[in-house]
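This is what each chain is made of:
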Amino acid sequence: MPKTPLTHHLVAIWFADIAGYSDRAAEDERSALQLIEILQSLSRDTVRRYEGRVVKFMGDAVLAEFPSTELAVRAAAALSEQYAKESAGTGRGHNLRVGVHVADVAVGPDGDLYGDGVNAAARVQEAAEPGQVVLSEDVWRQLRGRTEFQFESLGDRSLKGVGPIGLYLVALKEPPTTRQPSRSGSNTTQSAEERKAGIRSIAVLPFADLSAQHDQEYFSDGVAEEILNALNKVAGLRVPARTSCFAFRGTSVDAREIGKRLGVETLLEGSIRKAGNRLRIIVQLVDARNGYHLWSERFDREIEDIFAIQDEIARRVLDALGLSLTEREERRFLKPSTANVKAYEFYLRGRKLFHSWTRQNMEFARQMFLRAVAIDPDFALAWAGLANTYVDLYRWGRNSRDLEEGQRTSAHALKLDPNLAEAHVAIGQALAIQRQFKDAAAEFERAIELDPTLYDAYYFYARSSFEAGDLEKAVQLFEKAHRSRPEDYQAMALRALALHELGRADEMREADQQAVDLINKYLELNPNEARAYSLGASPLARLGESKHSMQWSEQAMALAPNDPVVLYNAACNLAQLGEHDRALDGLERSIEAGVSVGDWIKHDPDFESLRDHPRFQAIVKRITPS
């Protein structure tokens, strides 16, 4: 090992050797030397064509490095095919065995590579049969969505000096010699400035859990979501919401198709392997316009470094896209409110449960947030999460204790961190539920001032304004919520509702159509989302699509038959369709299930035809006691 300090970088590397070479050398040394000459000649040409570098030849083997996994695999496939053909000219054809890996390697002054990753690539190659190109799991993960490759899992293998590792056999769907690396689209032939020119959108996909027990999904999701939320704070960069990005979990959809569906130019994907206190995080930025990798990096750290890793990844993304933070953005960019990793892990568990938004999981989320604040009583973000669970539990059950706890915990979060926007949103919601609309508005305004990108601040402020009867304000805020998260359907659907109550028919119809379009797009990725069907039924009814509206309402009921909000929205739909008795029955059921819509029902135009009905008036008094 050279004593001169070594540089490190993340590269795709492969080892290739000639299967059966030793036996051939024993039989005929001259023809065996011809095999090596063919290998060296073909390797130099093939590696160069695929933008790589031959590191060294070692007898009947070659080590090469490439700037991307895609180029490495294409080069390996091309070399394997060409070698099988040309080696036949020596009197007997031979095949190569090739192993491809991606690793952080040290580069010596002479250009040689060192490190565990080089050893791993050699061991992967040894696991290949003659004529096979075998990938490590890290390489497969980067390419699994590419439709031009075919993969076959070889299962986990225990490799000497490496340990258990997943291996995959790869083949190209078209002969590798017919497809050369693109000179116009390759991320290596373009300059860095050309690659990032005009890129102003990114989707953060869920990070894969590669832990041995596969029990760290909450942690992998949490890390990805932290990075997503940080990037969302950067002006000029569009970042789709978690619900849209995470819908691609476990799929093999091509990167270009994901980009098309989400309307983004780049994708950030990664994997996390957690073992005890050690973390291995591999991330890669993919150009969704052509499927090429812009960069990738591996982090091998202690779990206590997780906050620094998240910050570093987010900043590397911005660097790759040619973006920088303003002074204001820097102040609210990934500032952890705890240094206790155990508390943070419980917070991530709680947040994952919270996102599922069922009453049972909301209760479980509450328990996780409680454990987080028990470990770190100064963890303001966990207190804000806890407050949100209490507020939502009150919406379901109208238990006065939940409301009291929502007030107490949101106030405590605010006390711990007066500049935490999420805490101001939580206390604003608690105030709005108590009809303290003026005080709630002040909290929402403060949240927006602290974080102008926070969707929840606009969305819940808009809902509060609607309940207070300030419909013009609600329209404006729902529009701002939509602009902060353009793929979200809820704000647009409720904006249409406010426009309907204001009598602005043309604008309402446009908003209704936008809402339906957004919901259709959302349901392509989330086909079992009851709320999407439930909230979309009313716009469809107003657009005159009665049959379709009823289908969506019934689908929502089938997915969540006891959800109070789904029951309430089903009643809205029935009222619009003239099914008055069924609508009133549905409202009664929603009350029994614990609906808490407050003053919302007073301004809900879906019940316009029932406002003079004595039974409806009695229900309103029950829901909004004076």
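Counting of residues starts from 1 at the beginning of each chain's written sequence and follows it residue by residue. Selection of residues for local features in this predicted model requires a pLDDT of at least 70, selection of side-chain atom pairs for listing and counting requires 80 or more, and totals for whole chains, interfaces and linings are taken over all residues. Side-chain metrics in this entry use all non-hydrogen atoms of the structure; hydrogen atoms and water are not considered.

Q: So, the pattern of salt bridges: which residues are in play, and what are the values?
A: The rule for a salt bridge is simple: a side-chain nitrogen of Lys or Arg has to be within 4 Å of a carboxyl oxygen of Asp or Glu. Tallying each qualifying case throughout the model produces 44 salt bridges. Across the pair R504 and E472 runs a salt bridge, and its minimum N-O distance is 2.9 Å. Remark: E472 occurs in helix α19 (residues 471-484) and R504 occurs in the loop between α20 (490-502) and α21 (505-525); sequence separation between them is 32 residues. When its relative accessible area of 24% is taken as the criterion, R504 is described as partly exposed. Linking R483 and E479 is a salt bridge whose minimum nitrogen-to-oxygen distance equals 3.6 Å. Placement of both R483 and E479 in helix α19 is noted, with a separation of four residues, approximately one turn of the helix. Sharing partners across several salt bridges, the network here consists of E217, D221, E225, E226, R242, R249, R351 and K352. Here a strand is any run of E in DSSP of at least two residues, a helix any run of H or I of at least four, and the numbering for each starts at the N terminus. Working definition: with a 1.4 Å probe on protein chains only, accessible area under 20% of the residue-type maximum means buried, over 50% means exposed, and in between means partly exposed.

Q: Which residues make up the layout of surface pockets, and what values do they have?
A: Of the pockets and cavities examined, the second largest pocket occupies roughly 810 Å³. With four residues, the single largest contributor to the lining of the second largest pocket is strand β4 (residues 96-107). Amino acids outside the nonpolar list (Ala, Val, Leu, Ile, Met, Phe, Trp, Tyr, Cys, Pro) and the charged list (Asp, Glu, Lys, Arg) are all regarded as polar, and Gly is one of them. Per-class residue counts for the lining of the second largest pocket are 11 nonpolar, 12 polar and 12 charged. Detection works on a 1 Å grid of protein atoms alone, calling trapped sets that fit a 1.4 Å probe cavities and calling open sets with protein on both sides within 12 Å along at least five of seven lines pockets, with lining residues defined by an atom within 4 Å of a point. Grid points are joined across faces, edges and corners, and a volume is the space filled by probe spheres set on the points.

Q: Any details on the environment of A19? Residues and values, ideally.
A: Note that A19 resides in the loop between β1 (7-18) and α1 (21-27). Put simply, A19 and L96 are 77 residues apart on the chain and 5.5 Å apart in space, counted from C-alpha to C-alpha.

Q: With reference to specific residues and values, describe the packing of aromatic side chains.
A: The rule is short: rings of Phe, Tyr and Trp, with Trp giving its six-membered ring, pair when the centres are within 6.5 Å, and they are stacked under 30 degrees, edge-to-face over 60, tilted in between. Throughout the structure, instances matching the rule amount to 17 aromatic pairs. Judged by centre distance (5.6 Å) and plane angle (35°), the rings of W14 and F66 are tilted. Here the residue W14 occupies a position in strand β1, and F66 occupies one in strand β3 (residues 61-66), the gap between them amounting to 52 residues. Comparing W14 with F66, the two get one shared label, buried. When the centroid spacing of 6.4 Å and the interplanar angle of 80° are considered together, the rings of Y218 and F219 count as edge-to-face. Here Y218 matches F219 in class, with each residue buried. A network of ring pairs unites the aromatic residues F307, Y344, Y347, F369 and F379 as a single cluster. Taking the ring centre of Y218 as reference, the NZ or CZ of R349 above it sits at 3.9 Å. Distance and angle both matter: a charge sits over a ring if NZ of Lys or CZ of Arg is within 6 Å of the ring centre and within 35 degrees of the ring normal.

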